Every structure is written in C-alpha cells, then in structure tokens.
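Geometric and topological summary
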Amino acid sequence: MTKIIEVEHLVKKFGDLVAVDDISFAVEEGEIFGFLGPNGAGKTTTINILCTLMKPTSGRATLNGFDVIRQQNQVRHSLGLVFQDPSLDIRLTALQNLKFHAFVYNIPGAVAKRRIEEILRMVELWDRRKDEVRNYSGGMRRRLEIARGLLHYPKVLFLDEPTLGLDPQTRNHIWEYMLELRKRENITVFLTTHYMDEATVADRIAIIDYGKIIALDTPDALKSMVGGDIVTLKTENAEAAVVEIHDKYNIEAQYDGAEVFFEIQKGEEFIPTLVNNFKSGLQSISVRRPTLDDVFMKLTGREIREETGGPTVMMKQWAMRQTRGGGGRFR
Amino acid sequence: MNNLRGIYIIWYRDLLRFWRDKARLVTTFVMPFLFLVVFGTGIASSMMRGSGGSDFDYIQFIYPGIIGMVVLFTSMMTGVSLVWDREFGFLKEVLVAPISRTAVAIGKALGGATIATIQGLIMLVFIPFAHVSPSIGGIITLIAVMFVFALSLTSMGILIASRIKTIEAFGMVAPLMLFPLFFLSPAMFPTQYLPAWLGIVVKFNPVSYGIDAMRQAVLGSQQSAMFGIHLFGFRMPIILDVVVVVMFGIIMGTLAIRAFRIQE
Ligand SMILES: Nc1ncnc2c1ncn2[C@@H]1O[C@H](COP(=O)(O)OP(=O)(O)O)[C@@H](O)[C@H]1O
Ligand SMILES: [Mg+2]
C-alpha cells in the first residue's frame, strides 16, 4: 500500500491561537480515514492546508506525492472536496453548478453528461436540476455539494462534516453510493465529523482535540480502550447497589443520580451472574457496547457534542476518573 | 492550455450570471436616463440663461461622460461579485480547482469588463436624446476604449476585493473610491475652467483619460476639441489617452494578480 497523504509536524497558528498543533499522520491509498473531534478542534483547518487553501505555519504535507505548498496545481488535480460551509453558486441552477465543475476538472463532455445525470439521480435532485440553487432547501444544497465533490472521481475525496443536516435515510443512501464509488474508482476518503456513528464507516480514525491527535487507530481498537461494555442499572437503593457491586465483584460502579453504571468485559455474560443474586432491589438493567463518544470522553473527559445536562454530564466525571486511573495506552 | 480553459470558464460564469439577472439590465437604464435627460436638461437650460446661449451643448457633452459612469460603476461590480463569492463560499470551489489563481483573476477581470462593455453599449439607445451622431468608426473605437477602460477598472476592483473581504467594508470603501474618480474627471463638466489645483488633480486621475477617449470617440476629435485634456501644453489625442488607460490597466492588473495569489 502506498501512502497517499503524509503529514509531518503540521502547525497552523492564527495569531496566538494554535489551531493545528504539531500533528503527524499518514493515510493509505484507498482507505477511509476519519478525523473525529469536537467543534474547533482543527479539523477544517487541517483540510484547508491539505487542499491548498491555506499555508501551514510550519511542517510539511504531501498529497498523492505532491507537496501542498510547492506543487499546488498537481495537488489540486488530485483532490475533490465537500466543504463544511456552503460553496455553491446559488444564482445558478444545479445543472449549471455541476457543468462548471465538470469543465474545470476537464471531464469530457459526453462523460460529464452521463455522470451528471447519474449523480443527480443518486442525490434525488434530477427533477429539480433546472431550478436555481437559491430555491433549494439546506438538505438539497448539501446533497448537491456532495454530488459535485464526487463528480470528477478524485484521487482523494475530502468530506468535511458531509452529512451535517441530512436525515438518516438520505445519509445512508449517500454513504452507500460513496462506498460503492470508492471501491470502483479506488478513491481515498478523508472524512471529518463529530458524529460518532458516521465516523464508524472509517477504516481508521484519528481523534483530534485542541489541534492535537490524541489517538489514532481502527474504530474497534479505539473502542477497546474503554475497557469493556457499559452496564447500566436502575435500583431501589442506588448507594447500596454501588457498595454491593464493589464488595462482590470488586468493580467501581458510579451513580449519577438516576442510574448506576460500570464497565466490564463481556457485559452480556456478566449480567446473569449479577442478576441472580442481586440484593439491592433491581428494577431494570441494560448493557451496551462502547461508542466512540465513550472513547472521546475517556480520553478528554468531555463530550464530543457539547450537550448540557442529563446523565451524560455525570458520565463525563466518571470517564475523567477512569482516565486518571490508567491511561498508559494513550498518547 | 488548462489556464485558458480556466480563464474561459470563469469569464463564462460571470456572463451567465449577468444574463440570468435580467432585472439588473432594467435598472441599468434608470440612473443614466436621470442623469442625461433630467440632470442634463436642467443644467443645460440654466446654463443657457446664464451665458446668453453659446454653442456649448451640455447634453451632448455629458453623454460620453455618462457612458463612462456606467462603465466605471459596473466595473466595480466585479469587486463586489468577488466579495460575494467569498461570502457565499463559491470562491473556495474555484480556489481548490486545478486552475491557477492568475487564471481566476484574469477570467474575473475579463468577465467584468465584458459585462461593463455591454452595459456601456446599451447606453447607445440614448443617442436620440443626446444630440450626437457618432460614425460607425467612432462606435467601434468607443467599444474598444470601453473594454480597455473597463478592464483596468475591474482589475482595480479585484485588487480592492482581495484586501477588503466583507461586503459591509467593501460597500463602505467602493463609493469612497468611485465618487472621487468620477467627479474628478471630465465626465460631468469641462475641466479647462477649473482652478489650477483641481485641474492638476484631474490630470492625475486615470479615469479622466478613459472618459476623454470615449468623448473623442463619440463626438469626434473636432467637436470634442475644446473640452480635451491638455498635458504639457498639448491636447491629448485619443491614442495617448488610451495609452494612459492601458498603462493604468497594466499596473492594476499586476497588483490585482499579486494580491489575489496571496494565501492565508
Ligand atoms: N481563518 C481563521 N482565522 C482565525 N481563526 C481561525 C480561522 N479558521 C479557524 N480558526 C480557529 O481555529 C480553530 C480550529 O477551527 P477549525 O479547524 O474550523 O475546527 P473544526 O473544523 O475542527 O471545527 C478554531 O478555534 C477556529 O476559531
Ligand atoms: Mg470544521
């Protein structure tokens, strides 16, 4: 396998703010590489540097073997982009936007015509192709942008929060197409997101926070950092339950005011044992696999999506304690 | 080769947008009409009274000035369109495309200049009100002058838009540039009667030479002789006017391309 993107000690500062703080990583050809991190982590800035929109403060990066500072034209030939922010000409029709793109990327007329129809049908905008984009809804615009990014079968496709604002059904539909196209055309996908479920399509994920990569591995390996499944129970007497679990199994359970929870390997096998001789008035019990959200929380003590209140806030504190305990594996 | 394609598509898109935005074509008529017919007639009639009737026909005089105004103001729309492209994000699509920044800037300048020339050409419908009868040669010269003039101004617009990045700021700065350029030129009044200091400012204004060239094209050198710009005691012939405009255009174009290439 060849490395299609190589990044070494990349730094980008905006005045005093260090948006990208000395990151290094490589992306293999044909891979789906995910960048997962909260808002402001530096994901878009990294993409801007890789796609020649910005110059790094220091460090270097190559894309398809070309230097992103000194060989910008070659780099631009190799990439496609779906930007996080809108980037359509809303005064033109969908068709005109795509034709512009096809011309710029030198797609021969007949091929362009065929592909434009195929892709507009895929994103379900074919019937509206002659409408000005300014009459489109947010979701329709997003779909059109994705269609445009895919149109020229780029070597590397950057997707910056691509399905933001799309309903789950459309999201799945578009992902299906993208994955199919990727196989067929051997496209490398560089994806940023703060949706954990979207990140799981990636072969490897870099978790980024405050401009630094704090973990980089396959989704499964990342999830295994959490140390097992998460078991949640409701009981009549929570304090007693916590004590009981500790005394019997030597497990540190937590109580967040509503539920008691702890993590354990092979949670579904442990539940019968636990339930069979539980004294503290069990009302309900559930087990779930760790998500990338749990991973992020374990690493940073914060949630990826800044929601307030609810049990998640308590989980935060719980996760923080866990990290303090044994974080040897983490960078 | 790829750069030629790039220039073409950027140019084409601006024309496509212009064509789709037909409302703009209608509003194009309003200001020139007011200036020529209302303002021009008003000034002309009051001048008649004052000077006891000379052979100076004010409407005939300002007609080329108003064409110049249309070209000047429409050209600055190129800068506006660049700022809009940045604000609406479309500029990013252009900047990551495999076209050089230079080609983008050139395409943009050419597109804006083409539109400004078309808008200027539309002003020819006012010929019946303007007491002029330009020759075919004169009109062809006018078109060429308008295009060169517009190209230098669209380059200036791109230069400004490369520095001033928000619509609000551009909306503040553009009139501050445009109105002095317009009023400190021979567009609205003959400049040979101006006080010396003002006359000098006019001679340093590149727009003056564009307007003068257009006036010579429309009126013929004879009719426009008495309003011309004199430099070092010589009446500027149209060809030298155009040379000044071209030189201004080259400077603006170079600066615009350089400014446009700067990366964050
Ligand atoms: N052009 C810019 N000028 C100044 N600060 C910026 C600029 N672009 C991004 N930033 C800052 O850099 C940080 C990283 O932003 P960004 O890369 O957009 O994060 P993400 O895409 O992960 O949400 C943020 O704090 C943001 O405010
Ligand atoms: Mg972002």
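Residues numbered from 1 in each chain as written. Chains lettered and ligands numbered in written order. Predicted model: local features only at pLDDT ≥ 70, side-chain atom pairs only at ≥ 80, totals over all residues. Heavy atoms only, no water.

Once that is clear, we can look at the overall build of chain B. Helix and strand content of chain B: ten helices and two strands. Reading the secondary structure of chain B in the N-to-C direction produces α-α-α-α-α-α-α-α-α-β-β-α. Relative to the compact-globule value of 18 Å for 264 residues, chain B shows a C-alpha radius of gyration of 19 Å, a close match. For the C-alpha atoms alone, the extent of chain B along its principal axes is close to 65 × 40 × 35 Å. Counting the 264 residues in chain B, one finds 52% classified as buried. If you take every contact in chain B between residues at least 6 apart in sequence, the share linking residues at least 24 apart comes to 80%. Entry remark: accessible area of chain B is about 11,900 Å², with carbon and sulfur atoms responsible for 75%. (Helix = DSSP H or I, 4+ residues; strand = E, 2+ residues; numbered from the N terminus. Rg over C-alpha atoms; globule rule 2.2 N^0.38 Å. Buried < 20%, exposed > 50% of the residue type's maximum accessible area, 1.4 Å probe, protein only. Contact = heavy atoms within 4.5 Å. Areas by Shrake-Rupley, 256 points an atom, 1.4 Å probe, with all protein chains shown as cover.)

As a further point, take the overall build of chain A. Along its length, chain A carries twelve helices and 14 strands. Within chain A, the proportion of its 331 residues that are buried is 54%. Relative to all contacts within chain A whose residues are 6 or more apart in sequence, the contacts with residues 24 or more apart total 69%. Total accessible area on chain A is roughly 14,700 Å²; 49% of this is exposed by carbon and sulfur atoms.

Bringing the interface of chain A and chain B into the picture now. Contacts between chain A and chain B engage 33 residues on the former and 24 residues on the latter. Interface of chain A and chain B: buried area, both sides summed, is about 2,800 Å²; carbon and sulfur atoms make up 56% of it. Its largest share of buried area at the contact with chain B, chain A owes to Arg 76, Phe 100 and Phe 103 of chain A, together 25% of the area lost on that side. Summed over the shared surface of chain A and chain B, the result is four salt bridges. Counting every contact that joins chain A to chain B gives twelve residue pairs in polar contact (both at pLDDT 80 or more). Among the elements that line the side of chain A that touches chain B, the one with the most residues is helix H3 (residues 94-104) of chain A, at six residues. (Buried area = accessible area lost by both parts, 1.4 Å probe. Salt bridge = Lys/Arg side-chain N within 4 Å of Asp/Glu carboxyl O. Polar contact = N/O pair within 3.5 Å; in protein donor to acceptor, adjacent residues only side chain to side chain.)

As a further point, take unusual backbone geometry. Residues and elements named next belong to chain A. Even without being a glycine, Asn 106 presents a positive backbone phi close to 60 degrees. With respect to the secondary-structure elements, Asn 106 resides in the loop between H3 and helix H4 (109-122). You will see that Tyr 210, though not glycine, has its phi angle at about 50 degrees, which is positive. With respect to the helices and strands, Tyr 210 occurs in the loop between strand S9 (204-209) and strand S10 (212-217).

The next point concerns the domain arrangement of chain A. What the domain assignment reports for chain A is domain 1 (3-223) and domain 2 (228-289). With centres defined by C-alpha atoms, the gap from domain 1 of chain A to domain 2 of chain A works out at 43 Å. (Domains from an automatic or database assignment.)

Turning our eyes to something else, we now look at the environment of Thr 117 of chain B. Residues and elements named next belong to chain B. Its place among the elements puts Thr 117 in helix H5 (residues 101-122). Residue Thr 117 is classed as buried on the basis of its relative accessible area, which comes to 7%. Spatially, the C-alpha atom of Thr 117 lies 6.6 Å from that of Val 71, the residues being 46 residues apart in sequence. Not counting chain neighbours up to four residues away, the residues in contact with Thr 117 comprise Ile 143, Met 146, Phe 147 and Ala 150. Among the polar contacts made by the side chain of Thr 117, one reaches the main-chain carbonyl oxygen of Ala 113 at a distance of 2.7 Å.

Now for a nonpolar patch on the surface. Taken together, Val 30, Met 31, Phe 33, Leu 34, Val 38 and Phe 129 of chain B make up a surface patch of nonpolar side chains, about 530 Å² in accessible area. Take Phe 33 of chain B: its relative accessible area is 34%, and that puts it in the partly exposed class. (Patch = residues over 30% accessible without salt bridge, like charges linked within 9 Å, V, L, I, M, F, W, Y side chains within 5 Å.)

With the rule as written, the count across this model stands at 24 aromatic pairs over all chains. With 6.2 Å between their ring centres and 70 degrees between their planes, Phe 29 of chain B and Phe 126 of chain B make a pair best called edge-to-face. Here Phe 29 of chain B, found in helix H2 (residues 22-51), pairs with Phe 126 of chain B, found in the loop between H5 and helix H6 (136-163); they are 97 residues apart in sequence, far enough to count as distant. Assessed through its relative accessible area of 6%, Phe 126 of chain B is described here as buried. With a centroid separation of 6.3 Å and an interplanar angle of 90 degrees, the aromatic rings of Phe 33 of chain B and Phe 129 of chain B are classed as edge-to-face. Remark: Phe 129 of chain B occurs in the loop between H5 and H6 and Phe 33 of chain B occurs in helix H2; sequence separation between them is 96 residues. Taken together, the aromatic side chains of Phe 25, Phe 33, Phe 35, Phe 158 and Phe 190 of chain A make up a single cluster linked through ring pairs. Directly above the aromatic system of Tyr 153 of chain A lies the positively charged group of Arg 115 of chain A, at a separation of 3.7 Å from the ring centroid. One cation-aromatic arrangement involves Arg 215 of chain B over Phe 61 of chain B; the distance from NZ or CZ to the ring centre is 3.7 Å. (Phe/Tyr/Trp six-rings, centres within 6.5 Å; stacked < 30°, edge-to-face > 60°. Lys NZ or Arg CZ within 6 Å of the ring centre and 35° of its normal.)

Residues and elements named next belong to chain A. Reading across the sheet, the four strands line up as S2-S1-S4-S5 and stay open at both edges, with antiparallel pairing between neighbours. Of all the strands in the sheet, the pair left with one neighbour each is strand S2 (17-28) and strand S5 (66-67). By the bridge criterion, two bridges tie strand S4 (residues 58-63) to S5 in an arrangement that is antiparallel. If you follow Leu 63 over to S5, its bridge partner there is Phe 66. Along the sheet, helix H1 (residues 43-50) contacts strand S1 (3-14), S2 and S4; its crossing angle with S1, the most-contacted strand, is approximately 115 degrees. (Pairing = 2+ DSSP bridges. Axes fitted to C-alpha atoms, helices over the stretch in contact; angles between N-to-C directions.)

Residues and elements named next belong to chain B. Where H6 contacts helix H7 (residues 167-183), the axes come no closer than 11 Å and their chain directions differ by 145 degrees. In this structure, H6 meets H7 at a crossing whose hand is right-handed. Here Met 156, Gly 157, Ile 160 and Ala 161 of H6 come into contact with H7, specifically with Phe 170, Val 173, Met 177 and Leu 181. Here the residues of the contact of H6 with H7 are counted per class, giving seven nonpolar, one polar and no charged. (Left-handed = near helix turned anticlockwise from the far one by under 90°. Nonpolar A, V, L, I, M, F, W, Y, C, P; charged D, E, K, R; others polar.)

In terms of nonpolar packing, the biggest core is built from 167 residues, with Ile 5, Phe 25, Phe 158, Phe 190 and Ile 207 of chain A touching the most fellow members. Looking at this core, the element that brings in the most residues is helix H3 (residues 58-87) of chain B, giving 15 residues. Discounting residues that sit within four places of it in the chain, Ile 207 of chain A has contacts with Leu 36, Lys 212, Ile 213, Ile 214, Ala 215, Leu 222, Val 295, Phe 296 and Leu 299 of chain A. Val 260, Ile 264, Phe 270 and Phe 278 of chain A belong to the second largest nonpolar core, which has 13 residues in total. (Core = buried A, V, L, I, M, F, W, Y, C linked by side-chain atoms within 4.5 Å.)

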